[in-house]
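# Report on the structure
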Amino acid sequence: QVQLVESGGGLVQAGGSLRLSCAASRLMFSAYAMAWFRQAPEKEREFVAAISWHGDSTYYGDDVQGRVTMSRDNAKDTAYLEMHSLKPEDTAVYYCAARKGRYDAGDGTSRWYVREKDEYDYWGQGTQVTVSS
């Protein structure tokens, strides 16, 4: 049914850059906030970045703040993650995720972004990013 397909991963030296892509199909793309997560061996899946429905807002995880930029092109049904100044600690499988609608934070507020992986509706298969020292 819904498909999210990541691409752009690979092997890069420390200090280098990569641009990951997430191509979506069979969903109304602009109705979904998009996000990137990553998972290294023996670690929990970690929130990296999220972008709102039309790209007006972004939200980044603490570990990557200042080194990544998320964007989206709704005309192409594609989300992107630009990564710079890569470190060996960035080595992981990077997953694209999609979530429809707003999130009820449970404290009387709602927001467009969610850090919790279990709140996302759809996931891609992942793309490997390996950063060598």
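Residues numbered from 1 in each chain as written. Predicted model: local features only at pLDDT ≥ 70, side-chain atom pairs only at ≥ 80, totals over all residues. Heavy atoms only, no water.

### Some thoughts on the nonpolar core
Among the nonpolar cores identified, the biggest contains 30 residues, and Met34, Trp36, Met70, Leu81 and Tyr94 are the most heavily contacted of them. Mapped by element, the contributors of at least two residues to this core are β3 (18-25), β4 (32-39), β5 (46-51), β7 (68-73), β8 (78-83), β9 (92-100) and β13 (127-132). The contact partners of Met70, leaving out residues within four places of it in the chain, are Met34, Ala35, Trp36, Ala49, Ala50, Ile51, Thr58, Tyr60, Ala79, Tyr80 and Leu81. Ala35, Phe37, Phe47 and Val114 belong to the second-largest nonpolar core, a separate cluster that totals 11 residues. (Core = buried A, V, L, I, M, F, W, Y, C linked by side-chain atoms within 4.5 Å. Buried < 20%, exposed > 50% of the residue type's maximum accessible area, 1.4 Å probe, protein only. Helix = DSSP H or I, 4+ residues; strand = E, 2+ residues; numbered from the N terminus. Contact = heavy atoms within 4.5 Å.)

### Re the state of the cysteines
The tally for this structure, following the rule as stated, stands at one disulfide. Between Cys22 and Cys96 runs a disulfide, and the two sulfur atoms are separated by 1.9 Å. The chirality of the disulfide connecting Cys22 with Cys96 is left-handed, given an S-S dihedral of about -75°. Of this pair, Cys22 sits in strand β3 while Cys96 sits in strand β9, and the two are 74 residues apart along the sequence. In this structure Cys22 comes out as buried when scored by relative accessible area, which is 0%. (Disulfide = S-S within 2.5 Å.)

### A few points about the side chain of Thr127
With respect to the helices and strands, Thr127 occurs in strand β13. For Thr127, a relative accessible area of 10% translates into the label buried. Polar side-chain contacts of Thr127 include one of 3.2 Å to the backbone nitrogen of Gly9. For Thr127, the residues in contact, after removing those within four places along its chain, are Glu6, Ser7, Gly8, Gly9, Leu20, Ala92, Val93 and Tyr94. (Polar contact = N/O pair within 3.5 Å; in protein donor to acceptor, adjacent residues only side chain to side chain.)

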